[in-house]
There are 2 protein chains.
Amino acid sequence: MSTAEETAGGDAQAWGEVTPDAARRLLIAAVEAFAERGYHATTTRDIAGRAGMSPAALYIHYKTKEELLHRISRIGHQKAVEILRTASRREGTARERLADAVSSFVRWHAGGRTTARVVQYELDSLGPDARAEILALRRQCDDEVRGIIEDGVAAGEFDVLDVKGTTLAVLSLCIDVARWFNVDGPWTPDEVGALYADLVLRMVGEKQPSPGGQR
Amino acid sequence: MSTAEETAGGDAQAWGEVTPDAARRLLIAAVEAFAERGYHATTTRDIAGRAGMSPAALYIHYKTKEELLHRISRIGHQKAVEILRTASRREGTARERLADAVSSFVRWHAGGRTTARVVQYELDSLGPDARAEILALRRQCDDEVRGIIEDGVAAGEFDVLDVKGTTLAVLSLCIDVARWFNVDGPWTPDEVGALYADLVLRMVGEKQPSPGGQR
DNA sequence: GGCCATGCTAAGCGCCCGCTCACCCTCGGC
DNA sequence: GCCGAGGGTGAGCGGGCGCTTAGCATGGCC
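Residues numbered from 1 in each chain as written. Chains lettered and ligands numbered in written order. Predicted model: local features only at pLDDT ≥ 70, side-chain atom pairs only at ≥ 80, totals over all residues. Heavy atoms only, no water.

Student: Looking at this structure, how should I read the interface of chain B and chain A?
Tutor: Interfaces are frequently sized by the accessible area removed from exposure as the parts join. Contacts between the two partners involve 41 residues from chain B and, on the opposite side, 41 residues from chain A. Summed over the shared surface of chain B and chain A, the number is 2 salt bridges. Here arginine 202 of chain A makes a salt bridge to aspartate 159 of chain B, at a shortest N to O gap of 3.9 Å. Summed over the shared surface of chain B and chain A, the result is 6 residue pairs in polar contact (both at pLDDT 80 or more). (Contact = heavy atoms within 4.5 Å. Salt bridge = Lys/Arg side-chain N within 4 Å of Asp/Glu carboxyl O. Polar contact = N/O pair within 3.5 Å; in protein donor to acceptor, adjacent residues only side chain to side chain.)

Spelled out as structure tokens, the structure:
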């Protein structure tokens with residue numbers, strides 16, 4: 001479950017896999033710019049400037065501005081699938097696996113908000129082909145979470161009326177964290193992760209009694 | 001509680017208050033275009049074209065493209081506050097009021113998805129002054145929902161660990177409906193409203209036993 | 001040392017953006 | 001019949017956009 005290993009700042013995620021050093025700097029610059037202003041409001045000059053390069057340098061490493069978004073989106077979604085798959089495939093009760101999935105997924109959205117925001121909200125700026133590829137990854141996210149909930153229902157741990165709808169609501173809740181989470185706000189990513197894991201367990205009918213105090 | 005009176009199509013909401021007829025047509029065209037492509041990817045030529053007018057006509061009724069977004073945002077947020085306030089101030093238990101608030105708020109986001117999408121997701125395309133004005137309206141939404149939850153906790157109806165966090169999660173869940181809801185999908189706005197009201201009641205510790213069948 | 005591949009820049013092309021301006025209908029009041 | 005105001009248009013402005021191209025510095029290899 002590990003605490004949030006990547007905080008804000010440069011959002012130094014697993015961009016390590018992006019190999020020419022300049023290409024990685026450009027990609028990180030693009031993530032920041034897209035997250036701040038949105039894909040369409042970001043100019044290639046802005047991206048290059050943040051990376052400390054001339055506008056033309058961008059086109060040595062990427063064919064178009066859209067390719068940047070595509071690459072960011074794919075890497076981000078792969079990370080999302082990995083997080084959910086790891087939680088889904090670990091040992092434990094459905095209850096434990098669901099809590100793990102939600103808390104780590106939320107922590108990723110809150111801690112790497114810059115990245116998550118681009119990944120989750122700039123999707124329809126992609127062309128049809130790239131979008132289709134990304135949507136396939138999203139369906140995998142869906143499948144992992146639904147799998148856990150189905151397991152819990154089958155094992156009698158959960159009490160769920162509409163598995164498909166509940167799956168969607170759980171994912172929706174986690175994803176929307178990227179929209180509202182504020183680094184300077186009252187919560188840490190870990191706190192939101194814990195809160196949300198509790199809320200989701202309640203949603204699937206696994207209501208643990210509150211230990212006492214309310215706030 | 002009323003069923004969804006306004007479905008998709010022209011999204012014929014309460015734009016009735018926009019008075020010169022041409023100004024209203026332009027505003028509705030802008031809502032559709034912003035919802036489809038986003039604010040920055042929409043051109044003034046596109047908006048005018050959808051309204052059946054020349055590009056210049058836009059500037060007779062609105063000073064800038066941003067003023068269009070501002071007007072849309074304000075009207076939409078006023079509607080959102082009104083929906084939540086109506087549910088909050090009706091008679092009934094906190095349980096009934098919260099279910100009412102969530103189901104009607106969700107129905108608005110699903111049924112008038114075009115409008116809701118613009119209202120909820122194009123907010124930071126506004127300038128600082130306009131954004132501040134809209135954020136005040138959002139805080140009112142927050143207050144209404146938190147009020148209901150606080151009432152429920154005080155009355156012993158709800159079992160909530162973190163009132164502020166739960167309020168945020170409830171609103172987040174409802175708002176995100178505008179992102180994923182699809183008119184051609186498997187659910188009607190009413191169905192999503194009912195499902196979400198159930199899920200939210202579970203989140204606040206008001207777990208009613210499932211009437212039997214699951215899925 | 002000569003050579004070229006690589007990585008980058010300065011300059012700029014062509015396009016389309018938000019927005020403006022000069023002008024034109026239409027229609028109610030007298 | 002004439003006038004003026006309000007709602008509309010066609011043409012086009014300045015500028016910034018995504019992207020290209022010609023040329024320059026570097027450094028590894030023979």
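There is more to say, and it comes next.
Student: Where do I start with the environment of glycine 147 of chain B in this structure?
Tutor: Residues and elements named next belong to chain B. If you trace the backbone, glycine 147 turns up in helix 7 (residues 128-154). Assessed through its relative accessible area of 19%, glycine 147 is described here as buried. Each C-alpha atom, one on glycine 147 and one on valine 163, is 9.7 Å from the other, the two residues being 16 residues apart in sequence. (Helix = DSSP H or I, 4+ residues; strand = E, 2+ residues; numbered from the N terminus. Buried < 20%, exposed > 50% of the residue type's maximum accessible area, 1.4 Å probe, protein only.)

Student: Teacher, can you tell me more about the packing of helix 8 (residues 163-175) of chain A against helix 8 (residues 163-175) of chain B here?
Tutor: Pairs of packed helices are described in terms of their axes, by the angle between the two and the distance that separates them. Running from amino to carboxyl end, helix 8 of chain A crosses helix 8 of chain B at an angle of 110°, the nearest separation of the two axes being 9 Å. Relative to helix 8 of chain B, the element helix 8 of chain A lies roughly perpendicular. Note that helix 8 of chain A runs across helix 8 of chain B; the crossing there is right-handed. Mapping the contact onto sequence places Ala169, Ser172 and Leu173 of chain A in helix 8 of chain A and Ala169, Ser172 and Leu173 of chain B in helix 8 of chain B. (Axes fitted to C-alpha atoms, helices over the stretch in contact; angles between N-to-C directions. Parallel < 35°, antiparallel > 145°, perpendicular 65-115°, else oblique. Left-handed = near helix turned anticlockwise from the far one by under 90°.)

Student: Is there a simple way to explain helix 5 (residues 94-111) of chain B in this structure?
Tutor: It helps to recall that an α-helix has 3.6 residues per turn; residues three or four apart then point in one direction. Counted at 1.5 Å a residue, the expected span for helix 5 of chain B with its 18 residues is 26 Å, and the 25 Å between its end C-alpha atoms agrees. For helix 5 of chain B, a buried count of 16 out of 18 residues is recorded, marking the element as mostly surrounded by other parts of the structure. (Expected span 1.5 Å × (residues − 1).)

Student: Explain the side chain of threonine 42 of chain B to me, please; I cannot follow it from the model alone.
Tutor: All names here are of chain B. By secondary structure assignment, the location of threonine 42 is in the loop between helix 1 (21-37) and helix 2 (44-50). Overall, threonine 42 belongs to the buried group, its relative accessible area being 1%. The contacts of threonine 42, once residues within four sequence positions are left out, are Ala33, Phe34, Arg37, Ile47 and Lys65.

Student: It is not clear to me how the protein's contact with DNA strand C should be interpreted in this structure. Could you clarify?
Tutor: As a matter of local geometry, DNA strand C sits amid 16 residues, with Ser54, Ile60 and His61 of chain A together with Thr44 and Arg45 of chain B nearest to it. The protein-proximal atoms of DNA strand C, defined as those within 4 Å of the protein, are 53% sugar or phosphate. For DNA strand C, a phosphate oxygen lies 3.1 Å from a polar atom in the backbone of threonine 42 of chain B. Within the side chain of tyrosine 59 of chain B, one N or O atom sits 3.0 Å away from a phosphate oxygen of DNA strand C. At the level of elements, helix 3 (58-61) of chain A together with helix 2 of chain B are the ones that each hand at least two residues to the surface near DNA strand C. Residues that form the surface near DNA strand C fall into these classes: 7 nonpolar, 6 polar and 3 charged. (Near = heavy atom within 4 Å. Nonpolar A, V, L, I, M, F, W, Y, C, P; charged D, E, K, R; others polar.)

Student: Explanation requested: the UniProt feature "DNA-binding region" (unreviewed entry) in chain A in the structure shown.
Tutor: If you check UniProt for "DNA-binding region" (unreviewed entry), the listed places come out as residues 43-62 of chain A in our numbering. Along residues 43-62 of chain A one finds 55% helix and 0% strand; the C-alpha atoms at either end are 14 Å apart. (UniProt positions renumbered as here; feature names shortened; annotations may be inferred.)

Student: What exactly am I supposed to notice about the relation of the copies chain B and chain A here?
Tutor: The operation relating the two chain copies consists of a rotation about an axis and a shift along that axis. With an RMSD of 0.0 Å, the operation that places chain B on chain A is a rotation of 180° combined with a shift of 0.0 Å along the axis. The transformation relating the two chain copies, once decomposed into turn and shift, fits a two-fold axis. (Least-squares fit on C-alpha atoms with pLDDT ≥ 70 in both.)

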